[in-house]
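Listed here are the chains, written in short residue letters.
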Amino acid sequence: MAHYIPLNANLSLDVTRNLRRSREEAECLLDRIQRLERENRRLADENLRLKQAHAGQGAWHPVSQEFFSFPEVSFRNLFETTIHGMALVASDGHWLKVNQALCDITGYAPLELLDRTCREIAHPDDLAEDEEARRRLLAGEARNCQLETRFIRKDGRDVWILLTLSLVRNSRGDSRYFFYQVIDIDARKRHEQELCRARRDAEMASRAKSRFLANMSHEIRTPMSAILGMCELMQETRLTKTQDRYVHAMERSGRMLLALINDILDLSKIEANQLVLERIPFSLDQLLDELLEMFGFMAASKGIGLEKRLVGAPLAPQVLGDPNRLRQVLVNLLGNAIKFTCQGGVTLGVEQQAATGRVLLWVADTGPGIPAARRKEIFMPFQQADASITRRHGGTGLGLTICRRLVDLMGGELTLTSAPGQGSVFTFAVSLPVCDPPVAEPEKNAASVMPCAQPALSGEGLEVLLAEDTEEISLMIEAYLQTSPHRLTIVRNGAEAVALASRRSFDLVLMDLQMPVMDGYAATRAIRKREAAEGRLAVPILALTAHAFSGESARIRSAGFDMHLTKPIGKQRLLEVLACFPKER
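Residues numbered from 1 in each chain as written. Predicted model: local features only at pLDDT ≥ 70, side-chain atom pairs only at ≥ 80, totals over all residues. Heavy atoms only, no water.

Overview of the nonpolar core
Here is step 1 of the chain: L284, L288, L330 and F428 are the most contacted members of the largest nonpolar core, which totals 39 residues.
Here is step 2 of the chain: Looking at this core, the elements that each hand over two or more residues are α10 (284-302), α11 (323-340), β11 (345-353), β12 (358-365), α13 (399-409) and β14 (424-431).
Here is step 3 of the chain: If we skip the residues at most four places from it in the chain, L284 touches L315, V319, L326, V350, V359 and L432.
Here is step 4 of the chain: A87, L165, L167 and V182 belong to the second largest nonpolar core, which has 26 residues in total. (Core = buried A, V, L, I, M, F, W, Y, C linked by side-chain atoms within 4.5 Å. Buried < 20%, exposed > 50% of the residue type's maximum accessible area, 1.4 Å probe, protein only. Helix = DSSP H or I, 4+ residues; strand = E, 2+ residues; numbered from the N terminus. Contact = heavy atoms within 4.5 Å.)

This is the structure:
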């Protein structure tokens, strides 16, 4: 379809000046036409001779000879020599005069074009807007109109043009004809269409990648959940010293693989603009103390120091921001600093700039430092300062890439100051405005909030329905609850869960999202629909998901789940969640 765009858009400066001059001259010409009416008969013969002499440059419609004359040489030269199409069009759509440039655009010879109307060569899809533009001019609603539209060439191919229409009136204000200015923009429009197609293809590829990553997350996290769960269960049994070492090695390897999956998913979410930061109140001082406690043992085991350094005034009780993503950045920076520092120590520095609402944070170490040639590369995906680092310390080189992009999302910039043998300092400032007055503790993330009223009484077990198609996960959860007072019933798909929930009352349903026959979303909607139809009390339904991608939480809530647990699920975590749901009376 044609579209209106601002007047004179995309016109070169010279052409714009020429067209403006032509309109001014045309207006002056109208005043002179009234005085030259008496000479029209004589000029008609002269114009016919000019037509024959300049047949290759422009053409008059024979009927127009009795109404128009152009003695002005400058306008006539512009009309005939401009590289853009020009024409005079009668109010009924007939071409009255066309120049050679317009003929080149349409592919018609001058006399062929004069035998047609502008409606005959207009693209059918654009005809309505073309006629609307002429209607507005005739009604006096606009002085001129400009639109991108299409002509159908003589060879049948459509060509995109930038069409400017003006209405020429006589001294009494009566409309006489339309003045068309036509610019060939076909190459630009074809290029824009190619870009649109490429953008659509890229968006489709991005959505396909997101689906692939979500499926990959589920397919890898599900068996990983079973592996880590079985390791946890094995550690509760009697093991020899050798067996205990093997189990711990399996668990560490599983945790490392899980961390790698999380890094890949985080990077993909950031690149797809699907990662949204929270803005909740939290205690920055408490967060930093927790990090020092977390890494204290790791630093002490290497015989290096770890300290927090506060510059300026004490930290405010609470600030607004995303504590989880800030913690993720600092965990990565502190972990790297301690990992690569063999003597000396690591410092976590902080300075609150209350006037600007920003907080300056830095992590300094006395490690080996990073050569200048490698400082940019370490922020690139899958890059590390030294290829031997992967062999000696592990890692994929994604951590700093994610850190820099998270800091960018928080309105800051992660910078590095380093020199070989003199350690490194990673610095960033992020927007963390002070909460004044302090507010209550924020609610937890919707993914982990527990709708707990009163914990279940000691020794009082729940009737739990588990819908899970993976036998290993079912075995793991069954083992988790084996020594608890809870009673577990297992089904293999959503359809079985819906059927059983309609016959028996359960205190809680654990529903996997991806199952054969009927998935967890459809099963939960069916249960909620039946509960509403029968007026029954809604049973709490918890989603078991291995997905860790943006948008999943909202989709889970909209399906009717009360909350969701992300795999891998630990035994203690599962028991804590179950304890928050009272037994149905």
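Re unusual backbone geometry
Here is step 1 of the chain: Its identity as a non-glycine residue notwithstanding, V517 has a phi of 70 degrees, on the positive side.
Here is step 2 of the chain: By secondary structure assignment, the location of V517 is in the loop between β17 (508-512) and α16 (520-534).

Quick word on the sheet that holds strand β13 (residues 415-418)
Here is step 1 of the chain: Spatially, β9-β11-β12-β14-β13 is the arrangement adopted by the 5 strands of the open sheet, whose pairing is mixed. Across the chains shown, the open sheet's two edge strands, defined by having one partner strand only, are β9 (305-311) and β13. Here the strands of the sheet are splayed against their neighbours by 15 degrees on average, with no regard to which way each runs.
Here is step 2 of the chain: Direction of pairing for β13 relative to β14: antiparallel, over a ladder of 4 bridges. When the sheet's bridge partners are listed, S418 is paired in β14 with S424. (Pairing = 2+ DSSP bridges. Axes fitted to C-alpha atoms, helices over the stretch in contact; angles between N-to-C directions.)

Quick word on the packing of helix α15 (residues 494-503) against α16
Here is step 1 of the chain: At a minimum axis separation of 9 Å, α15 and α16 run at an interaxial angle of 20 degrees. Classified by the angle their axes make, α15 and α16 are roughly parallel. In this structure, the crossing between α15 and α16 has a hand that is right-handed. Judged by residue contacts, G494, V498, A501 and S502 of α15 engage A523, A526, I527 and R530 from α16.
Here is step 2 of the chain: Classifying every residue of the contact of α15 with α16 gives 5 nonpolar, 2 polar and 1 charged. (Parallel < 35°, antiparallel > 145°, perpendicular 65-115°, else oblique. Left-handed = near helix turned anticlockwise from the far one by under 90°. Nonpolar A, V, L, I, M, F, W, Y, C, P; charged D, E, K, R; others polar.)

Some points on the pattern of salt bridges
Here is step 1 of the chain: Inspection of the entire model under this criterion finds 25 salt bridges.
Here is step 2 of the chain: Two residues, D126 and R150, come together in a salt bridge whose shortest N-O distance is 2.9 Å. You can see D126 sitting in the loop between α6 (118-121) and α7 (127-138) and its partner R150 sitting in strand β5 (residues 144-152), a full 24 residues away along the chain.
Here is step 3 of the chain: For D126, a relative accessible area of 0% gives the class buried.
Here is step 4 of the chain: Residue R150 is classed as buried on the basis of its relative accessible area of 11%.
Here is step 5 of the chain: In this structure, R197 and E194 form a salt bridge, with 2.3 Å as the shortest nitrogen-oxygen distance. (Salt bridge = Lys/Arg side-chain N within 4 Å of Asp/Glu carboxyl O.)

As for the confidence of the model for the chain
Here is step 1 of the chain: For the chain, mean pLDDT is 79; residues scoring 70 or higher make up 76% of the total.
Here is step 2 of the chain: With pLDDT under 50 throughout, residues 382-396 is counted as low confidence; its partners more than four residues away or in other chains account for 28 contacts.
Here is step 3 of the chain: Throughout residues 438-458 the model reports pLDDT below 50, and contacts reaching past four residues in sequence, or to other chains, amount to 34 contacts. (pLDDT = per-residue confidence, 0-100.)

Here we look at the packing of aromatic side chains
Here is step 1 of the chain: Counted by the stated rule, this structure contains 3 aromatic pairs.
Here is step 2 of the chain: Residues W95 and Y180 carry aromatic rings whose centres are separated by 5.8 Å and whose planes lie at 85 degrees to one another, so their mutual orientation is edge-to-face. One end of the pair, W95, is in strand β4 (residues 95-99); the other, Y180, is in strand β7 (residues 175-184), with 85 residues separating them in the sequence.
Here is step 3 of the chain: Judged by its relative accessible area of 1%, Y180 falls in the buried class.
Here is step 4 of the chain: A network of ring pairs unites the aromatic residues W95, F151 and Y180 as a single cluster.
Here is step 5 of the chain: If you follow K189 out to its NZ or CZ, it ends over the ring of W160, 4.5 Å from the centre.
Here is step 6 of the chain: Sitting above the plane of the Y521 ring, R555 keeps its charged end 3.9 Å from the centroid. (Phe/Tyr/Trp six-rings, centres within 6.5 Å; stacked < 30°, edge-to-face > 60°. Lys NZ or Arg CZ within 6 Å of the ring centre and 35° of its normal.)

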